[in-house]
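These are the residues of each chain, in order.
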Amino acid sequence: MPNSSTPLLSIRHLVKHFDISGSLLDQLTWEKGRLRRRRTTVKAVNDVSFEIRRGETLSVVGESGCGKSTLARTVIGLYPPNRGKIIYGDQRIDNLSARQMLPYRRRMQMIFQDPYASLNPRMTVARTLEEPVVFHNPSMSGAAAAEKVADVMRQVGVDPKWADRYPHEFSGGQRQRISIARALMVDPEFIVADEPVSALDVSIQAQILNLLMDAQDQRGLTYLFITHDLSVVRHISTRVAVIYLGTLCELAPAADIFSRPRHPYTQALLSAIPRLGEQRSQHIRLKGEVPTPIQLPTGCVFNGRCRYADARCREEVPVATPLGPDALVACHRVAEGKL
Amino acid sequence: MKAWRRFRGSYFFYSFRRDPVALASFSIFLFLVLVSILAPVIAPHNPYDTSTIDVMDAEIPPSWMNGGEERFWLGTDIQGRDLYSTMLYGLRTSVVIGIGAVLFQGILGIVVGLTAGYVGGRVDSFLMRVADIQFSIPYLIVAIITSAVFQLAFGVGRFEQLAMPLLIVIIGISEWPKYARTVRASVLGEKQKEYVEAARVIGLNPARIMYRHILPNTLTPVLVISTIQVAQAVMSEAALSFLGLGMPVTKPSLGSLIKAGFEYVFSGSWWITLFPGILLVTFTLVVILFGDWLRDVLNPKLYKG
């Protein structure tokens, strides 16, 4: 068994911006009597660094539009990062060519949010599942591939005799099982799951989460789990990373983050979980709106809504600093020991 | 053999058997295509062989009418050719030009549309501007210029020999932007779907993603316009023949037959134009009906169970 504390994947100062300024004509503006070219960029992920350890489930939580999915897609290599490094094992993978990337494609897979869009509607389940394994093992015989498909289908709880059917003949939960099966076909060691249960019924959510956890136990998988559902986070995570406006606020073991959130944003986020038998709401109400990721606030991205913010927070960007062996917090107040 | 058995058990074959319109239209389509391929065997006369044609036989009415002759079942045209035989040969010409032009414009349009939609950016802008320019030039002008240049360069004799491939290329080139735009529009919708991202995560190369994953999901509108395009190509060919730019009178297509007979409708020789017309309409209708059924059955979301 590999040591559980060695990082499987590290992200160093990852930045992903999207240019949404459109064509040259859209970029030109008239400003103070001069024609100027102005670009508009969405700053989806800003200087995020963390490590994912072998065998753990690292959950990334945050509000809609905070850059969780962008982070996931950048890590898996669907988007090239603007800056920063992604290191898998001891190899930097963000600057590899498609051909050099191929061996890593078998080791990293992804599960998507929408089970209705993530399976090709014109391919039978058998073809969908065979494709990755045959692509990565061109010498594999048809019979061996079919056997592998049947194996994995059994493992995810879909009867292999349905392999010749099309995705539209399955329910949402079954499709998500097939989607998981596709990711498992190449025997990966690392899986990025982008909100894999948020499109499903609550009862099905539990089944799919248990399936993911069983697969993790059997295969020693490592997950990067993107979600906005805090009850799912508590159920599945080893550690939790909280993201606000594309910036890492806090990263801590799941038990700690729920019992003792450190970052003011984490505190506000977790206070939003309803509790049974609660008389008065403990809900921390945040003022205002989430700022637009097109124009980030100076200093700490949370400063405009934080009740502890002071002048330093408005000027200086807080750096995520280690707090104990497993945790990171990016907050001046916490670093100063005032929180 | 195995493929045939799988095909027989498929939903496609099942719904084909159960749909009378599909069955009828496909049978007629198959029959017409077979007849046109076998025209040299079936036809009692060879309209291309000038030695068997006698001008004294011109404008003989169909055999069941007064003055009709047993030799000419559907009568003869203005040059004394057996109309039935000429129609079979004409159908063959029309089918080849129609299907050939659609294949040509389809392949060109699909490749351009798929590339433009999937690659995007400058490639997309460039290819779509080319398509716009092509669209803004009427095919008649393209045809007139091409055939004028061709006739000047190679002489009228050569032109008659090469008229068919030339028509295929002219009609194909003037209509490919329709395919390119349709395919590009579908590709733009499809490429955002997560199954495309899943294919990229597997590591498949762009060509394979484009042709194996995205293309099959964009073929439904392509099939629907293809049926209309076959009809359109046959019509275009008829229009070109009408202007003297299409098939020469010595090797008539259905279009040039209709046009040739049209001048004699008022002198009472209605059969020269009517019978090729009926054949043309039947062929077009059957193609469109079959394409309509194909569209329904090939879209998995429209399975009627």
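Described in the following lines is the structure provided in the data block.

Calculation notes
- Residues numbered from 1 in each chain as written.
- Chains lettered and ligands numbered in written order.
- Predicted model: local features only at pLDDT ≥ 70, side-chain atom pairs only at ≥ 80, totals over all residues.
- Buried ≥ 20, exposed ≤ 12 C-beta atoms within 10 Å, placed from the backbone.
- Helix = DSSP H or I, 4+ residues; strand = E, 2+ residues; numbered from the N terminus.
- Pairing = 2+ DSSP bridges.
- Right-handed = clockwise from strand over helix to strand, strands pointing away.
- Contact = placed C-beta atoms within 7 Å.
- Nonpolar A, V, L, I, M, F, W, Y, C, P; charged D, E, K, R; others polar.
- Axes fitted to C-alpha atoms, helices over the stretch in contact; angles between N-to-C directions.
- Left-handed = near helix turned anticlockwise from the far one by under 90°.
- Core = buried A, V, L, I, M, F, W, Y, C linked by C-beta atoms within 7 Å.

Section: the pairing of strand β9 (residues 190-194) of chain A
All names here are of chain A. The buried count for β9 comes to 5 of 5 residues, which makes it a mostly enclosed element. Residues of β9 alternate between two faces, with Phe 190, Val 192 and Asp 194 on one and Ile 191 and Ala 193 on the opposite face, all of them buried. The pairing of β9 with strand β10 (residues 222-227) spans 5 bridges and is parallel. Each bridged residue has a counterpart across the sheet, and for Ala 193 the counterpart in β10 is Phe 225. Between the parallel pair β9 and β10, the chain is carried across by helix α7 (residues 202-219), and the sense of this crossover is right-handed.

Structural notes on the sheet that holds β10 of chain A
Residues and elements named next belong to chain A. If you walk across this open sheet you meet the 8 strands as β8-β9-β10-β5-β11-β12-β14-β13, and the pairing is mixed. The outermost strands of the open sheet, each flanked by one partner alone, are β8 (108-111) and β13 (321-322). Note: β13 against strand β14 (residues 328-329), 2 bridges, orientation antiparallel. Bridge pairing in β14 places Thr 321 opposite Val 329.

Some details on the interface of chain A and chain B
It is common to report an interface's size as the accessible area lost on association of the parts. Residue-level contacts link 22 residues of chain A with 16 residues of chain B. Within the residue set of the side of chain A that touches chain B, elements represented by two or more residues are α3 (98-105), β8 and α4 (125-136) of chain A. In terms of residue count, α3 of chain A provides more of the side of chain A that touches chain B than any other element does, 4 residues in total. Tallied by class, residues from the side of chain A that touches chain B come to 13 nonpolar, 4 polar and 5 charged.

A word on the sheet that holds strand β4 (residues 41-53) of chain A
Through backbone hydrogen bonds, the strands of a sheet pair up, either in parallel or in antiparallel fashion. All names here are of chain A. With antiparallel pairing, the 4 strands of this open sheet are ordered in space as β4-β1-β6-β7. Edge positions in the sheet fall to β4 and β7 (91-92), since each of these pairs with one other strand and no more. Where strand β1 (residues 7-19) lies against β4, 9 bridges are found, and the strand directions are antiparallel. Within the sheet, the bridge partner assigned to Leu 9 lies in β4 and is Ile 52. With respect to the sheet, helix α2 (residues 68-76) is in contact with β1, β4 and β6 (83-88), its orientation differing from that of β4 by roughly 65°.

Brief notes about the packing of α4 of chain A against helix α5 (residues 142-155) of chain A
Residue and element names in this part refer to chain A. At a minimum axis separation of 9 Å, α4 and α5 run at an interaxial angle of 115°. Here α4 and α5 pass one another in a crossing that is right-handed. Touching Ala 126, Leu 129, Glu 130, Val 133 and Val 134 of α4 are Ala 145, Lys 148, Val 149 and Val 152, all from α5. Each residue belonging to the contact of α4 with α5 can be placed in one class, and the counts come to 7 nonpolar, no polar and 2 charged.

A short note on the nonpolar core
Among the nonpolar cores identified, the biggest contains 108 residues, and Ala 181 and Leu 248 of chain A are the most heavily contacted of them. When sequence neighbours within four positions are dropped, the list of residues in contact with Leu 248 of chain A reads Val 48, Phe 50, Ala 241, Ile 243, Ala 320, Leu 328 and Ala 330 of chain A.

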